[in-house]
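One-letter residues, chain by chain:
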Amino acid sequence: RATFEADQVRVNDDPAMLRPGRFDRQVVVPLPEVSERLAILKVHARDKKLGADVDLDTMAKGTPGMSGAELANLVNEAALFAVRRGARQIDRIDFESARDRIMMGARRESLVLTAEEKRITAYHEGGHALLGTVLPKCDPVHKVTILPTGMALGVTQTLPQERHSYSKSFLEDRLCMTLGGRVAEEIVFGMMSTGAQNDLQVNTELARRMVREFGMSDKIGPMAWGSSGPVFLGEDLMGSARDYSDDTARLIDEEVSALLREQEERAKELVNKHRKGLDLIAQALLEKETVDGAEVARLVQDGLD
């Protein structure tokens, strides 16, 4: 499968290979959906001893975009984590650790945060988790942690629902949630840190696609610019060939900025409204380091009572 996918990428990246008489027929093997991922996990876990707390259905929902080979690797990694713990069965914590390692990288045990860094990270991730819980269109929060993993100091994980198209309201909630960490830092500490760098990069790219490609701007209207294809000679080295005027480019930039500003203000209103819930989430993270989605929802509700 890996060889086939690599060959497919090479063919798709070279238009000359798709001329009549060459590769006239293409077979696309899509990545498995949630029901298919569940079936694959069951196949690879059938000869493994699983703990009573292991829910393969939840694991299938939490592994969007994984191929069959990656799911097989997930089960094997979980088994290795269980062996390292000296356990006689694979428990939920082993699957969680294996998924985190595959999707985000290894946990950085040697990285020790200062008390202030840990507190800032707790509020940052608490901001993401809070908005992910109260925003109606967001995917449900699975867990939030302030244990450094991969390149991140903390992570808020969601369980993505199986979707094949995305509404404007869903994408707006996604923008708002992603800004939750930066907004929480600003409200609680009155400052901004570099911890939101990746959040800003992801949000800017998403907002630009909403405006430029998805036609989700009233001022731009039902038009789309910019291809997502490969870069060839004569095109912009930073992306694809630009097929719109400087005035349109300026309008796109203004609409992207307005969209992000609007969601930033929305995030501020929600964080201020649920400030007590944010404090409870941050406190729980500082005490336990990892909090699951059900407890986040309970803490948000406690903050309203």
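See the structure printed just above.
About the criteria used
By convention here, each chain's residues receive numbers from 1 onward along its written sequence. In view of the model being predicted, local features appear only for residues whose pLDDT reaches at least 70, and side-chain atom pairs are presented and counted only at 80 or more, with totals across whole chains, interfaces and linings using the full set of residues. Note that water and hydrogens are dropped before the side-chain values are worked out from all heavy atoms of the structure. Strands are runs of DSSP state E lasting at least 2 residues, helices are runs of H or I lasting at least 4, and numbering of each runs from the N terminus. For the exposure calls, accessible area comes from a 1.4 Å probe over protein chains only, and a residue counts as buried if that area is under 20% of its type's maximum, exposed if over 50%, partly exposed in between. Contacts were defined at the residue level, with two residues in contact if any of their heavy atoms lie within 4.5 Å. Under the convention used here, a 1.4 Å probe and the Shrake-Rupley method define accessible areas, while residue burial counts only the protein chains that appear. Note on pairing: DSSP must find at least two bridges between two strands before they are called paired. For helices, the axis comes from a line fit to the C-alpha atoms of the stretch in contact; other axes are also lines fit to C-alpha atoms, and the angle between any two N-to-C directions lies between 0 and 180 degrees. The rule for a salt bridge is simple: a side-chain nitrogen of Lys or Arg has to be within 4 Å of a carboxyl oxygen of Asp or Glu. The pairing test for Phe, Tyr and Trp rings, Trp by its six-membered ring, is centres within 6.5 Å, and the orientation test on the planes gives stacked under 30 degrees, edge-to-face over 60, and tilted for anything in between. Either the NZ atom of lysine or the CZ atom of arginine qualifies as a charge over a ring when it sits within 6 Å of the ring centre and within 35 degrees of the ring normal. In this description, a nonpolar core means a group of buried Ala, Val, Leu, Ile, Met, Phe, Trp, Tyr and Cys residues linked to one another through side-chain atoms lying within 4.5 Å.

Novice: What is the right way to read the overall build of the protein chain from this model?
Specialist: A count of helical and extended segments in the protein chain gives 12 helices and three strands. Across the 305 residues of the protein chain, 41% fall into the buried class. Contacts in the protein chain between residues far apart in sequence, at least 24 positions, make up 69% of those at least 6 positions apart. Accessible surface, the protein chain: about 17,200 Å² in total, of which carbon and sulfur atoms supply 52%.

Novice: I keep staring at the sheet that holds strand β3 (residues 290-292) and nothing clicks. Help me out?
Specialist: Paired through backbone hydrogen bonds, the strands of a sheet run either parallel or antiparallel to each other. Taken in spatial order, the three strands line up as β2-β1-β3 in an open sheet, and their pairing is antiparallel. With partners counted over all chains shown, the strands left at the sheet margins are β2 (155-158) and β3, one partner each. Taking each pair of neighbouring strands and ignoring which way they run, the sheet shows an average axis angle of 10°. Alignment of strand β1 (residues 141-145) against β3, held across three bridges, turns out to be antiparallel.

Novice: Can you help me understand the pattern of salt bridges in this one?
Specialist: In this structure the tally under the stated criterion is 23 salt bridges. Of the charged contacts, one joins D57 and K61 as a salt bridge, the two residues approaching to 3.5 Å between their closest N and O atoms. With D57 and K61 both in helix α3 (residues 56-61) and four residues apart, the pair spans about one turn of that helix. In this structure K61 comes out as partly exposed when scored by relative accessible area, which is 35%. Between R99 and E96 there is a salt bridge, with the nearest N and O atoms lying 2.8 Å from each other. Pair noted here: R99 and E96 are both in helix α5 (residues 92-104), with a separation of three residues, about one helical turn. Each of the two residues, R99 as well as E96, counts as buried. Three or more residues joined by partner-sharing salt bridges are found here, namely R92, E96, R99, D100 and K143.

Novice: Would you mind showing me how to read unusual backbone geometry here?
Specialist: Glycine aside, residues mostly have negative phi angles, and peptide bonds mostly take the trans form. Of note, E289 is a non-glycine position whose phi angle comes to about 75°, a positive value. Within the secondary structure, E289 sits in the loop between α11 (275-288) and β3.

Novice: Whenever I open this one, the packing of aromatic side chains confuses me. Can you help?
Specialist: For any pair of aromatic rings, the description consists of the separation of the ring centres together with the inter-plane angle of the planes. Within the structure shown, the criterion is met by two aromatic pairs. Between the aromatic rings of Y123 and F189, the centroid separation amounts to 5.6 Å while the plane-to-plane angle is 90°, which identifies the pairing as edge-to-face. Remark: F189 occurs in helix α8 (residues 180-189) and Y123 occurs in helix α6 (residues 115-134); sequence separation between them is 66 residues. In this arrangement the basic side chain of R84 is found over the ring face of F81, its NZ or CZ atom lying 5.2 Å from the centre.

Novice: Please explain the nonpolar core as it appears in this structure.
Specialist: A general trend in soluble globular proteins is that nonpolar side chains are found buried together. In terms of nonpolar packing, the biggest core is built from 28 residues, with L131, L135, L278, I281, L285 and V296 touching the most fellow members. If you list the elements that add at least two residues to this core, you get α6, α7 (168-178), α8, α10 (246-273), α11 and α12 (293-304). Counting 18 residues, the second largest nonpolar core, distinct from the first, contains A45, V54, M59 and L74.

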